[in-house]
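Notes for the structure review
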Amino acid sequence: MESKNRKWKLKKGAPYPLGMSKRERGINIAVSMKGEEESGMLLYEKKSGRLHGKIPFPKEFRRGDIYCVFIEDFSYEKFHYNFYTKDHIFVDPYAKKIA
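All values reported here derive from a predicted model rather than from experimental measurement. (Residues numbered from 1 in each chain as written. Predicted model: local features only at pLDDT ≥ 70, side-chain atom pairs only at ≥ 80, totals over all residues. Heavy atoms only, no water.)

1. A word on the overall build of the chain
Each helix and strand counted, the chain has zero helices and 10 strands in total. Counting helices and strands in the order they occur from the N terminus, the chain gives β-β-β-β-β-β-β-β-β-β. For 99 residues, the compact-globule estimate of 2.2 N^0.38 gives 13 Å, and the chain sits close to it at 12 Å. Projected onto its principal axes, the C-alpha positions of the chain cover 35 × 30 × 25 Å. The buried share of the chain, taken over its 99 residues, is 43%. Averaging the locations of the 21 positively and 13 negatively charged side chains of the chain gives two centres separated by 4 Å. (Helix = DSSP H or I, 4+ residues; strand = E, 2+ residues; numbered from the N terminus. Rg over C-alpha atoms; globule rule 2.2 N^0.38 Å. Buried < 20%, exposed > 50% of the residue type's maximum accessible area, 1.4 Å probe, protein only. Lys, Arg positive; Asp, Glu negative; His and termini not counted. Charge placed at Lys NZ, Arg CZ, Asp CG, Glu CD.)

This is the structure we're talking about:
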């Protein structure tokens, strides 16, 4: 199943490993988010720190409490990111490095 979201092509991802992981054709995101509110990822431009965009995760990409999202052809090197649930913003709890 795919979802077109602005300029990002989203597909159902793998539930593991948790966090963001680089793949050959994009990135896989697996993150635990409880509740039924809108959830997703916020992207910030590395150079300016400005909010670049918001990627809501489709509910059908959820397995239990884990969102499993694959973003195809995503240039992650240009961005910092946080996750959000409704109005709550939080860092990737699985990140190995926080900038």
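2. Thoughts on the environment of Arg 25
Secondary-structure assignment places Arg 25 in the loop between strand E3 (19–23) and strand E4 (26–32). Those residues in contact with Arg 25 that sit more than four places away from it in its chain are Lys 11, Phe 70, Ile 71, Glu 72 and Asp 73. (Contact = heavy atoms within 4.5 Å.)

3. Observations regarding the pattern of salt bridges
Going through the model one piece at a time under the given rule, you end up with six salt bridges. The network of salt bridges with shared partners includes Lys 9, Lys 11, Arg 25 and Glu 72. (Salt bridge = Lys/Arg side-chain N within 4 Å of Asp/Glu carboxyl O.)

4. A look at the environment of Lys 78
Residue position: Lys 78 is located in the loop between strand E8 (66–72) and strand E9 (79–85). Classification of Lys 78 as exposed rests on a relative accessible area of 54%. In the structure, Lys 78 is positioned 33 residues away from Glu 45 in sequence and 6.3 Å away in space, judged by C-alpha atoms.

5. Looking at the packing of aromatic side chains
Throughout the structure, instances matching the rule amount to five aromatic pairs. Within the aromatic cluster, the residues linked to one another by ring pairs are Phe 57, Tyr 67, Tyr 81, Phe 83 and Phe 90. Directly above the ring of Tyr 84 sits Lys 54, whose terminal nitrogen or CZ lies 4.8 Å from the centroid. (Phe/Tyr/Trp six-rings, centres within 6.5 Å; stacked < 30°, edge-to-face > 60°. Lys NZ or Arg CZ within 6 Å of the ring centre and 35° of its normal.)

6. Concerning the nonpolar core
Ile 29, Met 41, Ile 55, Phe 57, Ile 71 and Phe 83 are the most contacted members of the largest nonpolar core, which has 18 residues in total. Setting aside residues no more than four positions away along its own chain, Ile 29 makes contact with Ala 14, Gly 19, Met 20, Met 41, Phe 57, Tyr 67, Cys 68, Val 69, Ile 71 and Phe 83. (Core = buried A, V, L, I, M, F, W, Y, C linked by side-chain atoms within 4.5 Å.)

7. Considerations on the side chain of Ser 39
Looking at the element boundaries, Ser 39 is found in strand E5 (residues 39–45). At a separation of 3.3 Å, a polar atom in the side chain of Ser 39 contacts the main-chain carbonyl oxygen of Glu 37. (Polar contact = N/O pair within 3.5 Å; in protein donor to acceptor, adjacent residues only side chain to side chain.)

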